[in-house]
Amino acid sequence: MFRYRAQPTGLPAEVTIATLADHVGKEVTLQGWLYNKRSSGKLHFLEVRDGTGTVQCVVFKGDVTPELFDKADKLSQETSLRVVGTVKEHGKRAGTYEVQVKDVAVIAAPSREYPISNKEHGTDFLMDNRHLWLRSRRQHAILRIRHAIVKAIRDFFDQNDFTLIDAPIFTPNAVEGTSTLFQTDYHGDPAFLTQSGQLYVEAAAASFGQVYCFGPTFRAEKSKTRRHLAEFWMVEPEVAFMTLDEDMRLAEDMLSFIVERVLTTRGEELKICERDTSFLEKVKGPFPRITYAEAIKILQENGHPEAKVGDDFGADEETVISNKFDRPVIVHRYPKAIKAFYFATDPNAPELALNMDVLAPEGYGEIVGGGQREDDLATLEAAIAHHKLPPAAFEWYLDVRRYGSFPHAGFGLGIERTVAWICGLPHVRETIPFPRMLNRLAP
Ligand code: 4AD
Ligand code: MG
């Protein structure tokens, strides 16, 4: 494999820590940063990380010059360096490797003491230093899992013949209600950061049949919870001639595919997150499907006697419902009154929407929201008026119903909530490289 980095001249071949197993007994060069260091008499143990992993580099007094031994003792955390040494199998831990050091060259020593040490730090401090916190083992593991999830999603849709259709970020209209819009100035006109690409993929479904968009979406939510971000990533499939039943099946298949992929390719990282994977191993279809009315009953019987039809679910309610199941549960057919304007109506119950939410187990709650879209022009026009949305901004969207309308459905999966659930994290703030939250725009 070609390596896109400067090769040090006059030194043994540079390798990555992840590939050390292929170089046992050979002399190699590593380039990375000092993660940790400990010493005992004649030995310094330098823990070096290079992005692909970490490895213990052992500096034995008898192997190096007194100057080098002394230099190794003084290296501070996060020094960037180049290590030359011989790859050995780790004496005690089978399947892991270490490097017997011959030489260490400092590329750059930190100009200040690195602020993140092994001691406990407060969340605010770590979030202020997010740009550095990313270097920590656990954050590294979480974001590697995020990458695997994103890749699995793309593979799933690509393998199933979906066409990628990117939706715009600047939009003229709301999708998910007007209370969470971020307004910007677009050359003198108001514009909004997109809440969802759904309306655009609906239009594209009429051209390509099966499509998905995948990008950042924005919600000016005033909520300061463990599962709300102002900017989050969403994948949104949309399929022509699909109805609610197949939509549920699509979400089930996609989620099973993602979890299976993470289990098979990111075992190491899940261990670093201390994830109990027995919960993830159960994530296989069929997922239980319950109606909204059944969900209300579960609430009433489990400590929420006040729950009644018409209530929307918050995190607490979703926890109670999802705790009844050992895998994701699909809740379908909510009252139209608490759902967005675009949902189709249940032909058997005019007060219900043909929608569904997937609630993740272990208290994680909603990770997917979607359903079948209203495809009748007059009904959709009435819904737009009923929701007091500006009709002119939706003219283009109504064209999808004017020219060969078709039943169709889709959903949105929030990446950060999915990462939090799969990694077993208490808060979404660690699931995205640089989170944007109610009170955080930096770094
Ligand atoms: O349920 P939502 O609002 O649905 C839509 O936006 C639809 N237009 C999607 C569609 O049908 N194409 O959002 C979908 C998912 C949620 O289930 C949740 O996982 C995530 O997006 N989400 C958020 N994640 C983090 N922070 C927030 N503020 C989020 N709001 C929604
Ligand atoms: Mg929702």
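Our subject is the structure that appears above.
The model shown is predicted, which means the values in this text are computed figures rather than measured ones. (Residues numbered from 1 in each chain as written. Chains lettered and ligands numbered in written order. Predicted model: local features only at pLDDT ≥ 70, side-chain atom pairs only at ≥ 80, totals over all residues. Heavy atoms only, no water.)

Chemist: I tried to follow the overall build of the protein on my own but got confused; where do I start?
Modeler: Secondary structure assignment for the protein yields 13 helices and 18 strands. Counting all 443 residues of the protein, 49% fall into the buried class. Restricting the contact set of the protein to residue pairs at least 6 apart, pairs at least 24 apart contribute 65%. Total accessible area on the protein is roughly 21100 Å²; 53% of this is exposed by carbon and sulfur atoms. Charged side chains of the protein number 53 positive and 62 negative; the gap between the two group centres comes to 8 Å. (Helix = DSSP H or I, 4+ residues; strand = E, 2+ residues; numbered from the N terminus. Buried < 20%, exposed > 50% of the residue type's maximum accessible area, 1.4 Å probe, protein only. Contact = heavy atoms within 4.5 Å. Areas by Shrake-Rupley, 256 points an atom, 1.4 Å probe, with all protein chains shown as cover. Lys, Arg positive; Asp, Glu negative; His and termini not counted. Charge placed at Lys NZ, Arg CZ, Asp CG, Glu CD.)

Chemist: What's the story with the pairing of strand 8 (residues 183–186) in this structure? I'm lost.
Modeler: Look at any regular strand and the pattern is simple: side chains alternate between the two faces of the sheet. Both strand 8 and strand 9 (residues 189–193) contribute to a ladder of four bridges, which runs antiparallel. Bridging across to strand 9, Y186 finds its partner in D189. Taking the residues that link successive antiparallel strands as the turn, the strand 8-strand 9 hairpin has two residues, and the phi of H187 there is positive, at about 50 degrees. (Pairing = 2+ DSSP bridges.)

Chemist: What is the right way to read the sheet that holds strand 4 (residues 80–89) from this model?
Modeler: Backbone hydrogen bonds are what pair the strands of a sheet, in a parallel or an antiparallel way. What the five strands build is a closed barrel, ordered 1-2-3-5-4; its pairing is mixed. When strand polarity is set aside, the average angle formed by the axes of neighbouring strands in this sheet is 55 degrees. The sheet contacts of helix 1 (residues 66–74) involve strand 1 (27–40), strand 2 (43–49), strand 3 (54–60) and strand 5 (97–108), and relative to strand 5 the element is tilted by about 80 degrees. (Axes fitted to C-alpha atoms, helices over the stretch in contact; angles between N-to-C directions.)

Chemist: Please explain the pattern of salt bridges as it appears in this structure.
Modeler: Any two side chains of opposite charge can pair, given that their charged atoms come close. Evaluated as defined, the whole model comprises 27 salt bridges. A salt bridge links R5 to E14; its shortest N-O distance comes to 2.9 Å. Measuring nitrogen to oxygen at the nearest pair gives 2.8 Å for the salt bridge that ties E362 to R275. With E362 in the loop between strand 16 (355–360) and strand 17 (365–372) and R275 in the loop between helix 7 (267–272) and helix 8 (278–281), the pair connects residues that are 87 residues apart, well separated along the chain. Take R275: its relative accessible area is 11%, and that puts it in the buried class. The network of salt bridges with common partners includes E381, E395, D399 and R402. (Salt bridge = Lys/Arg side-chain N within 4 Å of Asp/Glu carboxyl O.)

Chemist: I tried to follow the site of ligand 1 on my own but got confused; where do I start?
Modeler: If you check the shell around ligand 1, you find 22 residues, and the closest are E176, Q198, E221, E236 and E366. At 2.6 Å from an oxygen atom of ligand 1 is found a side-chain nitrogen or oxygen belonging to E366. The separation between a nitrogen atom of ligand 1 and a polar main-chain atom of F411 is 3.4 Å. Elements represented by at least two residues in the shell around ligand 1 include exactly strand 11 (231–240), strand 17 and strand 18 (408–414). At five residues, the largest contribution of residues to the shell around ligand 1 is made by strand 17. (Near = heavy atom within 4 Å. Polar contact = N/O pair within 3.5 Å; in protein donor to acceptor, adjacent residues only side chain to side chain.)

Chemist: Explain the side chain of Q139 to me, please; I cannot follow it from the model alone.
Modeler: Looking at where Q139 falls in the secondary structure, it is placed in helix 4 (residues 137–159). For Q139, a relative accessible area of 1% puts it in the buried group. A polar atom in the side chain of Q139 sits 2.8 Å from the side chain of E430. Contact partners of Q139, with chain neighbours within four places excluded, come to R130, W133, L134 and E430.

Chemist: Explain the state of the cysteines here, please?
Modeler: Joining two cysteines, a disulfide is a covalent bond between their sulfur atoms. In this structure the tally under the stated criterion is zero disulfides. Lacking any disulfide linkage, C423 is separated from the closest cysteine sulfur, that of C273, by 4.3 Å. (Disulfide = S-S within 2.5 Å.)

Chemist: Explanation requested: unusual backbone geometry in the structure shown.
Modeler: Glycine aside, negative phi is the norm for most residues, and most peptide bonds take the trans geometry. At the junction of G285 and P286, the peptide bond is cis and its omega measures out at -5 degrees in the coordinates. Here P286 lies in the loop between helix 8 and strand 12 (289–291). In this model, A442 is joined to P443 through a cis peptide bond whose omega is 0 degrees. Inspection of the secondary structure puts P443 in the segment after helix 13 (415–423). Residue H187 is not a glycine yet carries a positive backbone phi of 50 degrees. Relative to the helices and strands, H187 resides in the loop between strand 8 and strand 9. Look at H187 and you get exposed, because its relative accessible area is 77%.

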